[in-house]
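# Residue-level structural notes
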Amino acid sequence: MKSSIKIIGLIPIIIISSLFIFGTENNVSKSADKEKNTSDSYQIKALKIPIHLDFAGEAVPLGKDDVLERVDREFLVNTYWQSNSLLLIKKAHKYFPIIEPILEKNKIPNDFKYLALIESGLENVTSPAGATGFWQLMKATAQEKGLEVNANVDERYHIEKSTQVACDYLNQAKERFGNWTLAAAAYNAGISGISRKIEEQKVNDYYDLLLADETKRYIPRILAVKEILSNPQNYGFVFEKEDLYTITPTKIIEVDSTINDIAQFSKDLGINYKIMKIHNPWLRENKLNNSSKKVYQIKIPTE
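Residues numbered from 1 in each chain as written. Predicted model: local features only at pLDDT ≥ 70, side-chain atom pairs only at ≥ 80, totals over all residues. Heavy atoms only, no water.

## With respect to the overall build of the protein
The following threshold applies: Runs of H or I in DSSP of at least four residues are treated as helices and runs of E of at least two as strands, each being numbered from the N terminus. Only protein chains enter the calculation, and the probe is 1.4 Å; a residue is then buried if its accessible area is under 20% of its type maximum, exposed if over 50%, and partly exposed in between. Residue contacts are defined here by distance: any two heavy atoms, one from each residue, within 4.5 Å place the two residues in contact. In this description, accessible areas are obtained by the Shrake-Rupley approach with a 1.4 Å probe, and a residue is regarded as covered only by the protein chains that are shown.
Looking only at helices and strands, the protein features 11 helices and 4 strands. Here the protein holds 303 residues, and the buried ones make up 42% of them. Across the protein, contacts joining residues at least 24 apart in sequence account for 61% of those joining residues at least 6 apart. Per element, the accessible surface of the protein, about 17,800 Å² overall, is 53% carbon and sulfur.

## Observations regarding the nonpolar core
This is how it is decided: Think of a nonpolar core as a cluster: buried Ala, Val, Leu, Ile, Met, Phe, Trp, Tyr and Cys residues, connected wherever their side-chain atoms sit within 4.5 Å.
In terms of nonpolar packing, the biggest core is built from 66 residues, with F55, F112, W135, Y187 and I219 touching the most fellow members. Within the residue set of this core, elements represented by two or more residues are helix 2 (65–80), helix 3 (82–105), helix 4 (113–120), helix 6 (159–177), helix 7 (180–189), helix 8 (191–201) and helix 9 (213–230). In terms of nonpolar packing, the next biggest core, distinct from the first, is built from 13 residues, Y157, I262, W282 and Y296 among them.

## Here we look at the pattern of salt bridges
Threshold: We count a salt bridge whenever a side-chain nitrogen from Lys or Arg sits within 4 Å of a carboxyl oxygen from Asp or Glu.
Applying the stated rule across the entire model yields 13 salt bridges. Taking the shortest distance from any N to any O, the salt bridge between K294 and E148 comes out at 2.8 Å. With a gap of 146 residues between them, K294 in the loop between helix 11 (273–279) and strand 4 (296–301) and E148 in the loop between helix 5 (139–144) and helix 6 connect regions that are remote in the sequence. Given a relative accessible area of 30%, K294 falls into the partly exposed group. The partner of K161 in a salt bridge is E155, and the shortest N-O contact between them spans 2.8 Å. Taken together, the shared-partner salt bridges connect E148, E155, K161 and K294 into one network.

## Thoughts on the side chain of S266
Within the fold, S266 resides in helix 10 (residues 262–268). Residue S266 is classed as buried on the basis of its relative accessible area, which comes to 0%. For S266, the residues in contact, after removing those within four places along its chain, are I271, N272, Y273 and M276.

## Focus: the packing of helix 7 against helix 8
For clarity, the threshold we go by: Structural elements are reduced to axes, namely lines fitted to C-alpha atoms, with helices fitted over the stretch in contact, and the angle between N-to-C directions of any two is expressed from 0 to 180 degrees.
One can describe the packing of helix 7 onto helix 8 by two numbers: an axis separation of 6 Å at closest approach and a directional angle of 115°. Only I191, G193, I194 and I198 of helix 8 make contact with helix 7, whose side of the interface consists of L182, A185, A186 and A189.

## Overview of the side chain of E148
Where we set the bar: For the purposes of these results, a polar contact is taken to be a pair of N or O atoms within 3.5 Å, where, inside protein, one atom must be able to donate a hydrogen and its partner to accept one; residues adjacent in sequence count only when each atom of the pair is a side-chain atom.
At a separation of 2.8 Å, a polar atom in the side chain of E148 contacts the side chain of K294. Once residues lying within four places of it in the same chain are set aside, the contact partners of E148 are V153, D154, E155, K294 and Y296.

## Some points on the environment of P101
Counting through the fold element by element, P101 comes out in helix 3. Look at P101 and you get partly exposed, because its relative accessible area is 43%. Between the C-alpha atom of P101 and that of E160, which follows or precedes it by 59 residues, the distance is 10.0 Å.

Nothing here speaks to function; it is all geometry.
In structure tokens, the structure reads:
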């Protein structure tokens with residue numbers, strides 16, 4: 001009797017299980033019959049991270065699982081955000097030739113050009129915190145390093161001068177921390193911010209520090225854009241040289257007086273206000289206040 005009860009009790013379970021199996025098979029069959037949403041050739045592949053990566057000649061410890069995952073994240077984001085990465089490739093061709101010699105003159109590793117790239121996308125943007133320009137300089141830092149920053153003139157928008165300020169800051173950070181990786185992290189979190197984390201956590205390696213998400217992603221993001229821009233064809237980017245942006249040749253006009261109407265001043269030089277502002281974004285108004293007779297260098301196209 002007990003045995004019969006057990007056998008009878010199993011029958012509903014067997015029936016239900018069979019229904020589940022057959023139902024699942026039917027669903028899979030129906031799913032297979034459905035047309036694909038994408039073309040047969042469309043694939044999103046997992047990426048193979050290069051075995052050896054370095055930033056400014058300093059090796060990246062990819063043997064640490066958390067570091068590998070952080071790097072992998074940035075490779076995926078920047079590879080598959082195709083429109084943005086292709087724009088970065090195009091703009092880098094235009095602006096890196098201006099940035100690279102200034103880095104070299106200041107003995108800053110060439111890899112730091114990618115720091116400017118991730119900071120601003122090589123655009124004269126302003127962050128919610130007020131950081132401005134290609135190098136995202138705060139007003140106090142810029143003024144401390146000798147840039148003019150006011151409503152009329154803001155030299156954080158001056159690519160050559162702001163690059164020089166960034167170099168001064170990075171050399172200062174390198175002297176404080178002894179390596180370029182922490183110097184780059186300090187560009188994002190501040191020298192005092194990184195110093196505080198090192199003191200609190202009792203480690204002095206960027207990859208061993210627990211940092212805010214933005215700073216944690218900072219170096220891996222630089223590594224990703226460096227690798228993609230160095231080997232774009234390996235990541236699916238196809239373009240011709242003529243597709244890339246180039247800088248317009250310019251000449252310098254020195255001005256040591258007030259300009260009351262920059263639009264008219266531009267017209268007198270054979271260009272318009274828009275072209276004047278494109279080449280001199282540090283001019284913030286339609287006038288140049290210059291009671292001190294300071295010499296300003298203004299760029300205008302040679303043609």
